[in-house]
Amino acid sequence: RIRLRAQRVAVRARPEFFEHRWTAQVRGGALGWPDGFRSLDAGRFDSHDRAVEIDKQEFVLLNHRAHIGDDWQHLSETQLWRFHLHYWDWCWHLVGHRTSDDLTASVARMHNDWSTSTTYGTMDAWAPYVVSLRLWTWCGIHGHLASGSPIRQTFEQEIRRHAGFLRANLEADVGGNHLLKNLKAMIGAAVFLGDDRLLDEFSELLRLQLDIQILTDGGHYELSPSYHAQVLSDLIDVSELLHTSGSAVPHHVTDIVARMRKWLSEFVGPDGEVPVLNDAFAIDADELDRLGVPTHDGRKLVVLESSGYVIVRPRPDVQLVIDVGDPCPPELPAHAQADCLTFELVIGDDRVIVDTGTSEYGSTQRRQFERSTAAHNTVEIDGTNQTDVWGAFRAGRRAKPALLEACTTDDDTVVVEAEHDGYRHLAGRPIHRRRFEISATGVTVLDTVSGRGAHHLVSRLLLASTKVSFDQSRSRLTVALRDAHLSITGDRAVAVDTTGFRARMFGALEPATLASMAMSDELPVESRWRIEWT
């Protein structure tokens, strides 16, 4: 990181020197991608309406619309929004809905504005992750531009220019999905340029990273269903590109794609969605189909031990996903949340008990809340977080969870029990243990906090529905669902807050209802939720 940051300062001072030096290190000719290859992005970004808006320089990114004119810096927007602008993946909308000549004219105009507004090697346009997405996109759209056009020749030079920069600025300091995105883009550039040396170099780096990042149960080690899906998408693209270009597809990539598809299938609820745990966002049915995610086999109890997830289906139309895993890899805290022993519940087409989700990535108060224990369906002690999350993507002291039991009893009840030590730094060294007893008609959630001394505890459940009736005298909530009737009862006084929110996507908040039980007592303390459906 020290080297990369020092290099960034040097590039800012002498961009022409580094541009010439790094570009010269990339060899090969401009072969382009094979005609038979179609990137998955071509299916994701395929809207006529978006194409019309882009022609008018109107961009809807992260559920936020802005007119950029010729200002490609657009500093009034969030950095994440600006990153998405510089990805250029939105250009696929034009590919699907413009003639070759019209596409060429639009791309030439926008590239001219973009290159005039940006400086080689300077953030935000030249952040390595951003360069990776833009390099992949420009490799892809090159073949759709009018043959012999000046912009086509310009893009051939841009591929070398971007590949040279990225090769010298791989995000080895960040790792995770960022580094895999870098490697995917470099493999794409190697195929485009016909550079076997470059292809061999980055295929080997990809192999080494997959050994690190893909767990034995098929999960991606950042433990987010949506980042898992993103990595799966990248590997599918790489595999298909290599196959179509006549290059050998490494066996381990084929095997990992199959295991990652199976892993993701386990999270798909009866409503067709996946939970939004650990900086995740909603994945729709079209995307799951695009990724080739199969239908799960309907097993009642699935334990993804390496990833730290337990999935329970007491009946075909009910699913619980329980998080009993580490908050993050030791070296990569970016998407960690203080959420040990949280869970989501789906009944039929309804997400019932849900995660708060992630609506933004800035260093803001909302981001701090969305990562906090208070934003999850678990127990908070003394107003502190189980894992010390801070900044936008940092974590310090981390909870260590342990799965104690996951089995089906003789009476067909599924029992899942786990604990974590995320509050061991507090006086009396509290340990939170949670036991789920799940049947076809309901689930009991029993929390035990052991240790010593007096502490203040709050157990929370976030309900996606706002159609909630509350009987305060009985500490009972009733929820009207589309295909079921739900009741939630606490064994302590329950409070209800109807001003809660959840986020299924960036920049989009939806109303939600928060139920909580607060207690101040000497440890050990027990509390219980009973959730029943008909």
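So, how was this worked out
Residues numbered from 1 in each chain as written. Predicted model: local features only at pLDDT ≥ 70, side-chain atom pairs only at ≥ 80, totals over all residues. Heavy atoms only, no water. Helix = DSSP H or I, 4+ residues; strand = E, 2+ residues; numbered from the N terminus. Rg over C-alpha atoms; globule rule 2.2 N^0.38 Å. Buried < 20%, exposed > 50% of the residue type's maximum accessible area, 1.4 Å probe, protein only. Contact = heavy atoms within 4.5 Å. Core = buried A, V, L, I, M, F, W, Y, C linked by side-chain atoms within 4.5 Å. Expected span 1.5 Å × (residues − 1). Arc of directions from axis to C-beta. Phe/Tyr/Trp six-rings, centres within 6.5 Å; stacked < 30°, edge-to-face > 60°. Lys NZ or Arg CZ within 6 Å of the ring centre and 35° of its normal. Salt bridge = Lys/Arg side-chain N within 4 Å of Asp/Glu carboxyl O. Pairing = 2+ DSSP bridges.

### A closer look at the overall build of the chain
Looking only at helices and strands, one finds 15 helices and 21 strands in the chain. Compactness check: the chain gives a C-alpha radius of gyration of 25 Å against a globular reference of 24 Å for 534 residues, within 12% of the reference. Principal-axis analysis of the C-alpha atoms gives the chain an extent of 75 × 45 × 45 Å. Out of the 534 residues belonging to the chain, those deemed buried represent 57%. When contacts within the chain are restricted to residue pairs at least 6 apart in sequence, those whose partners lie at least 24 apart make up 66%.

### Considerations on the nonpolar core
Membership of the largest hydrophobic core comes to 95 residues, with the highest contact counts inside it found for F59, W72, W88, W90 and L264. Leave out the neighbours within four places in its chain, and W90 touches F45, I54, F59, L61, W72, H84, L85 and M110. One finds V445, L481, L486 and M519 within the second-largest nonpolar core, a separate group that totals 45 residues.

### Comments concerning helix α1 (residues 2–13)
With 12 residues, α1 should cover 16 Å at 1.5 Å per step; its first-to-last C-alpha distance of 17 Å lies within 8% of that length. Among all positions of α1, only L4, Q7 and V11 are buried. Considered in projection along α1, the buried side chains sweep an arc of 60° and stay on one side of the axis. Exposed residues lying more than 90 degrees from the buried face of α1 are I2, R5 and A13.

### Concerning the packing of aromatic side chains
Given two aromatic rings, their pairing is described by the distance between the two centres and the angle made by the two planes. A complete count under the given rule lists 28 aromatic pairs for this structure. For the ring pair F17 and F18, a centre distance of 5.2 Å and an interplane angle of 85° mean the geometry is edge-to-face. Taking relative accessible area as the criterion, F18 reaches 12% and is therefore assigned buried. Ring plane angle 70° and centroid distance 6.5 Å describe the contact between Y227 and F281, whose orientation is recorded as edge-to-face. Taken together, the residues Y227 in helix α12 (residues 225–244) and F281 in the loop between α13 (251–265) and α14 (285–290) connect sequence positions 54 residues apart. If you follow R134 out to its NZ or CZ, it ends over the ring of W138, 5.7 Å from the centre. Note that K184 overlies the ring of W136, its terminal NZ or CZ placed 4.4 Å from the centroid.

### Some details on the pattern of salt bridges
Should the charged atoms of two oppositely charged side chains come close, the side chains can pair. Summed over the entire model, instances satisfying the criterion amount to 42 salt bridges. Between R313 and E266 there is a salt bridge, with the nearest N and O atoms lying 2.9 Å from each other. Of this pair, R313 sits in strand β4 (residues 309–315) while E266 sits in the loop between α13 and α14; the two residues are 47 residues apart in sequence, bridging distant segments of the chain. Judged on exposure class, the residue R313 and its partner E266 are both buried. For D297, the salt bridge goes to R299, with nearest N and O atoms at 3.2 Å. A single salt-bridge network, built from bridges that share partners, covers E405, E417, E419, R433, R435 and E437.

### Examining the pairing of strand β6 (residues 343–347)
Counting buried positions along β6 gives five out of five residues, so the element sits mostly inside the fold. Covered by surrounding structure in β6 are F343, L345 and I347 together with E344 and V346, the residues of both alternating faces. By the bridge criterion, five bridges tie strand β5 (residues 318–323) to β6 in an arrangement that is antiparallel. Of the residues in β6, the one forming a bridge with L320 is L345. Here β6 pairs with strand β7 (residues 350–353) via three bridges, running antiparallel. Residue pairing in the sheet places I347 in a bridge with D350 of β7.

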